[in-house]
Amino acid sequence: MTAADGYVLIALCLIPLGVSMLLFLVPTSQRSSIIALTGVSSLAMLALSLYTFFKYTFDGEQFQGVLAWTWMQNVGLLGEKGIQFKVGVDGIGASLVLLTGVVVVPATWVTWKIQDRMKDYFILLYLVTAGVYGAFVILDLFFWFLFYEMALMPMYLLIGVWGSTRKEYGAMKLMMMLLAGSIFIFTVIFALFTHVGAGTFDMVTLLNAPKGVGFQKIMFPLLVIGCGTLGAMFPFHSWSPDGHAAAPTSVSMLHAGVLMKVGAFGVVRLGFQMMPEGGAYWAPALVVLGAGAGLYGAISALRQTDMKLLMGFSSVSHMGYVFLGLGTFNSIGWSGAVLQMTAHGWMTALFFLLIGGMYDQAHNRDIPNFSGMAKQMPIWSIFFIFASMASLGLPGLSGFIAELHIFIGTFRSYPIVGGLAVLTAAITTTYLIRILAQAFFGEMNPRWAHLKEITWMERAGAVVLAIAMLALGLWPSPWIERIAPSIINIPGMTL
Amino acid sequence: MQDVFGNALNFNMALLLPEIILAAVAVLVIVLDMFAKELKVRPVALPIVSVLGLVAAGVASGLAVDQHTDFGLLVTIDNFTAFFRITFIAVAIVLIVGSHEYIEKHVNHVAEFYALLLLSTVGAIFMASARDLLVAYLGIEVLSFSLYIAVSLAKNDTRSGEAGLKYVLLGGVASAMLLYGLSLLYGVAGSTQYGEIANALGKSTDDVRMPLLLGLTLIVAGLGFKVSAVPFHMWAPDAYEGAPMPVTAYLSATSKGATLALFLRWFGGPLLPAIADWQWMMAIIATLTMVVGNLVALQQTNVKRLLAYSSIAQGGFMLMAITAISDIATSALLVHLGGYIITNLALFVAIIHFYNRTGKEEITDFRGLSRTNPYLATVITAGLFSLAGMPLLAGFFTKFILFQAVVQGGFLWLVVVAVVGSTVSLFYYLQMIRQMYIFEPEGDATRWGISGTGYLTTGVLLGLIVFVGIQGAPLYTVADRAAFDLFPQGVAAPVTASTGAAPAAAPAAHK
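Since this is a predicted model, take the numbers as computed values, not measurements. Starting afresh in each chain, residues are numbered from 1 along the sequence in its written order. Chain A is the first chain written and ligand 1 is the first ligand written, with later ones labelled in order. It should be noted that, the model being predicted, local features are given only for residues of pLDDT at least 70 and side-chain atom pairs only at 80 or more, the latter also being counted only at that level, while totals for whole chains, interfaces and linings use all residues. The side-chain numbers reported here are obtained from all heavy atoms of the structure, hydrogens and water having been left aside.

Novice: Just to check I follow, could you spell out the nonpolar core for this structure?
Specialist: Side chains of nonpolar character tend, in soluble globular proteins, to be buried together. Joining through side-chain atoms within 4.5 Å is the link that ties buried Ala, Val, Leu, Ile, Met, Phe, Trp, Tyr and Cys residues into a set, and such a set is a nonpolar core. Burial classes: relative accessible area under 20% of the type maximum marks a residue as buried, over 50% as exposed, and values in between as partly exposed (1.4 Å probe, protein chains only). Formed by 386 residues in total, the largest nonpolar core has its most connected members in W346 of chain A together with W266 and W278 of chain B. Among the elements that take part in this core, helix α14 (residues 327-358) of chain B stands out by supplying 20 residues, more than any other. With 9 residues, the next largest nonpolar core counts Y321, I406, F407 and V417 of chain A among its residues. Secondary structure follows DSSP: runs of H or I at least 4 residues long count as helices, runs of E at least 2 residues long count as strands, and numbering of each begins at the N terminus.

Written out as structure tokens, the structure reads:
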């Protein structure tokens, strides 16, 4: 990527933000204009995300497409570089940009079903999208935090207004827990700025500046708690099942699929890349928490009857793998962790899309109430089984390649924990096979005879996600090639 | 010009033009009202004359800034003064334009009310520009007395009289404490002039430590009352609730801003040599203010009381910067104050228009506002989110800078308290947003609009909230220039500079 490609990264932040502002001007009654505008912009985002991913050259600089504008300098506490609007991606950022692009398109398509205040919904949803893109491509701590918070802010209204079941409770719990998490991030950012003392929030400067080991050891766990809350890391995960169960379909997709990865990405960027010595010191704790989360989430998922709650706990379990992979602090485990972010993002987005498509008709998602759905909704069932197979790690699909890396990495550093992780995978299989056996096969329940197949837009969205999952499962080398250099650059990383 | 002793005086009355204009217009408004029948003055003329006077004063204060004219060491017109002058004048303009319908309907003695607003602005400006304890004290009293009356002017509302009485009694006690503290300070320093106090305190010995400490305590208590810092905040919720809404807004903006200006002038100037004696007091008060303000706000059901506690908590954030005082902290405080005033005014003007239409002010009365008046709901939501520090809005940027500056001053733990408090605050702000967006309106669900001047003021304020949020550099530059005049050497004050470099790392660095 050249510096000029930085404009693509800026476009990725500004397109959703611009559409969000533009929608204020479109009258609510003009549904077709809203659909056209969001449809075109979501495809544009996908195209630019693909461009970013494939233009990132793995043998070049670590940060590519770097462009910076000074926003504020030489005033008050700010020095020469001060606050800049600075963009640029490393390999990890590039792969997460692609993840976002692929999720945004189906999330936009399924939202067109909403009848009540669709315009307002899109205004908020695209603010979240802009926030997520920003968090992946910004190289300045001030703006990084700005975009991070921007991705959280609209969540309360999105869930509270358009959600289902216990929406107010879920929305408030999610909002308060995530903002409590950002207290820790706030603290770390302030301390980092003061500690380095260069008068700048520029991430690259902060990355290269020498930092005290003691400072890193104190700040790293704070950051992990803060970002881990957003990443649904055990034991700071409890907003996730409630929040996902209450959220409308596309919010669940975007939130579980992408936003939770911003948390994990924060641990990588602000944690390991900025404070490698602190990271090395605390990595074993991440292993314990990650493996614990994997096991805890899987066991909890065994007991759930609400499909969305089950997926919420399943997400906790899968995100546990991510933190486990990061904790191994070797390059294989790390590749697995970054792959798992992408793999889980697409897989869980597909799950939420399908559950949403069914719930909109049945207004029920209790697994024991369903049986024989494969007869009633065959296409829906095919996609659901496809997603389940990816989730339990069938070779050839995205989940396998990611989990394989994580398991190998874990066995290398912590053999016993590796055993636990494999046990988790077995439990995952159990709860997924259980839901398939119960709801999809067997006698068809006549109560659901009125259910129709999912809509064409939902099918199209499911196809987009399925293609992406197949691509990552069958040919993961583009991802691994791009991730590897960024991982190797972290001081203290073992092979 | 010469004084009574024959010394040459360095006076330039043109620099005081804004205050002169304001005072004259205040008198003019009362005279116009007195002869309303004879002169055939229509009621609408009063706000127009007031606003024209304010605009003229604003223009005049933009024209002339000269810190070398010292007015016999009584006041100084530097960038710091100019910052507050323009802020206070702008607040008065916004409030009069935004709420003149409310004032005509719900306030007794309309002309006197406008005059009081103008006079209190004069008092507030002198609090910012004073260089002598007595001038500053006069400024405080001009501001306070105007507000004592204004608080009790609400029509047909018994709470208003009660609020006025409470405010005047407690305010009197606070003034007495402040005055006693100033006397003790005079006893120690031998002067009422800021520069000489700083010299005297710099050379003071331990003999005078006790009276100095007592004096400082009384000063902090007196000023703490004016800025409604915990534990001197008891009057604020009642006064906020009982007062006519524009006065409530005025209390939360100008009155608070002027007191903070005084804090900065005193604690950044004459009292700076005694920092070891007052810094811990300010740290305790700031902590208490943030904690109590945010926690008590959680239980409020009345929107004015909610905003009262919210502004108490915001005051706590600003007192942090006084604790960590330096040029950096001062400019950050001014930035935050600017953003806070813009946001609070937007909220209050929007709520005033809501009250004009509905006559209600409970939080639950806002139910379904996003259906009946989406524009007003957007303004209120933007205001609340900005107070909570959400991005793209003024509050995010100003809080970020303020907190970073306090950390820079070596008070990371204070900032942690502040950030926790700020998160708690989001909970009660969300309560109101919940009413507006998640619930459907009760009863009458027809759409309604607000007046043209309402759209104008809320629109401008909303635009400013967003503008400061995405392009805060102009505000920060102006604030920095103002702070520079307070700390002319441009060096940080002798705070805890040694530990300030790496507060969190310091204990761990030896491992």
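Novice: Mind showing me how you'd approach the interface of chain A and chain B here?
Specialist: The accessible area lost on association of the parts is a frequent measure of interface size. The contact rule is simple, with two residues in contact once any of their heavy atoms fall within 4.5 Å. With 41 residues of chain A in contact, the opposing surface of chain B contributes 49 residues. Reported buried area values correspond to the accessible surface (1.4 Å probe) lost by two parts on association, with both partners' losses combined. Across the chain A to chain B interface the summed buried area is about 4,000 Å²; carbon plus sulfur atoms make up 78%. One speaks of a salt bridge when a side-chain nitrogen belonging to Lys or Arg is within 4 Å of a carboxyl oxygen belonging to Asp or Glu. At the junction of chain A and chain B, the tally comes to 2 salt bridges. A salt bridge links E168 of chain A to R434 of chain B; the nearest nitrogen and oxygen atoms lie 2.5 Å apart. At the level of elements, β1 (64-72), α5 (141-152), α6 (155-162), α7 (167-196) and α9 (213-230) of chain A are the ones that each hand at least two residues to the side of chain A that touches chain B. Under this grouping Gly is polar, as are all residues other than the nonpolar Ala, Val, Leu, Ile, Met, Phe, Trp, Tyr, Cys and Pro and the charged Asp, Glu, Lys and Arg. Classifying every residue of the side of chain A that touches chain B by side-chain character gives 31 nonpolar, 6 polar and 4 charged.

Novice: What should I look at first to understand the environment of I363 of chain B in this one?
Specialist: Residue and element names in this part refer to chain B. Counting through the fold element by element, I363 comes out in the loop between α14 and α15 (369-372). The exposure class of I363 is buried, given its relative accessible area of 8%. When the C-alpha atoms of I363 and Q300 are compared, they prove to be 8.5 Å apart, with 63 residues separating the residues in sequence. Here I363 is in contact with Q300, T301, N302, V303, L306, Q431, M432 and Q435, once residues within four sequence places are set aside.

Novice: Please clarify how empty space enclosed by the protein should be interpreted in this entry.
Specialist: A water-sized probe rolled over the atoms picks out the places where empty space is left. For each structure, a 1 Å grid was placed over the protein atoms alone; sets of points admitting a 1.4 Å probe that cannot get out are labelled cavities, open sets with protein on both sides within 12 Å along at least five of seven lines are labelled pockets, and lining residues have an atom within 4 Å of a point. Grid points are joined across faces, edges and corners, and a volume is the space filled by probe spheres set on the points. With the rule as written, the count across this model stands at 3 cavities of 30 Å³ or more. Reported here for the largest cavity is a volume of approximately 120 Å³. As for the largest cavity, its lining consists of 13 residues, of which E149, L179 and F186 of chain A together with A388 and S422 of chain B are closest to the centre. Those elements that place two or more of their residues in the lining of the largest cavity are α7 of chain A together with α17 (394-408) and α18 (412-437) of chain B. Ranked by residue count, the leading element in the lining of the largest cavity is α18 of chain B, at 4 residues. Partitioning the lining of the largest cavity into residue classes produces 7 nonpolar, 4 polar and 2 charged. In this structure, the second largest cavity encloses a volume near 50 Å³. Q314, H336, G339, Y340, T343, S386, L387, A394, G395, T398 and K399 of chain B are the residues that line the second largest cavity.

Novice: Is there a simple way to explain the confidence of the model for chain B in this structure?
Specialist: Low pLDDT marks regions whose predicted coordinates should not be analysed in detail. Of the residues in chain B, 94% reach a pLDDT of 70 or more, and the chain-wide mean stands at 89. How sure the predictor is of each residue is captured by pLDDT, a score from 0 to 100. Overall, residues 490-511 of chain B carries pLDDT values under 50, and its contacts beyond four positions in sequence, including any with other chains, amount to 37 contacts.

Novice: Quick question: what am I supposed to make of helix α11 (residues 249-273) of chain A here?
Specialist: An α-helix turns once per 3.6 residues; consequently, residues spaced three or four apart project the same way. Residues and elements named next belong to chain A. Expected span, for any helix, means 1.5 Å times one less than how many residues it has. When the terminal C-alpha atoms of α11 are compared, their 34 Å separation across 25 residues agrees well with the 36 Å that a helix rising 1.5 Å per residue should span. To obtain the bend at a residue, axes are fitted to the seven residues ending there and to the seven starting there, and the angle between these axes is taken. Its axis deflected by about 40° at H255, α11 carries its strongest bend there. In terms of burial, α11 is a largely internal element, 25 of the 25 residues being buried.

Novice: I would appreciate a short explanation of the packing of helix α7 (residues 158-189) of chain B against helix α8 (residues 194-203) of chain B in the present structure.
Specialist: Packed helix pairs are specified by the crossing angle of their axes together with the interaxial distance, meaning the distance between the axes. All names here are of chain B. Where α7 meets α8, the closest approach of the two axes is 9 Å, and the angle between their N-to-C directions is 65°. Here α7 runs over α8; the crossing is left-handed. Seen from α7, the contacting residues are L185, V188 and A189; seen from α8, they are I197, A200 and L201. Tallied by class, the residues present in the contact of α7 with α8 amount to 6 nonpolar, no polar and no charged. The angle between two axes is taken between their N-to-C directions and runs from 0 to 180 degrees, where each axis is a line fitted to C-alpha atoms and a helix contributes only its stretch in contact. Crossing handedness is defined as follows: a turn of the near helix away from the far one that is anticlockwise and smaller than a right angle gives a left-handed crossing, while the clockwise case is right-handed.

Novice: Would you mind going over the environment of V25 of chain B with me for this structure?
Specialist: All names here are of chain B. Summarising the element assignment, V25 is placed in helix α1 (residues 17-34). Using a relative accessible area of 11% as the deciding quantity, one classes V25 as buried. Non-local contacts of V25, meaning those with residues more than four positions away in its chain, are made with V49, S50, G53 and L118.

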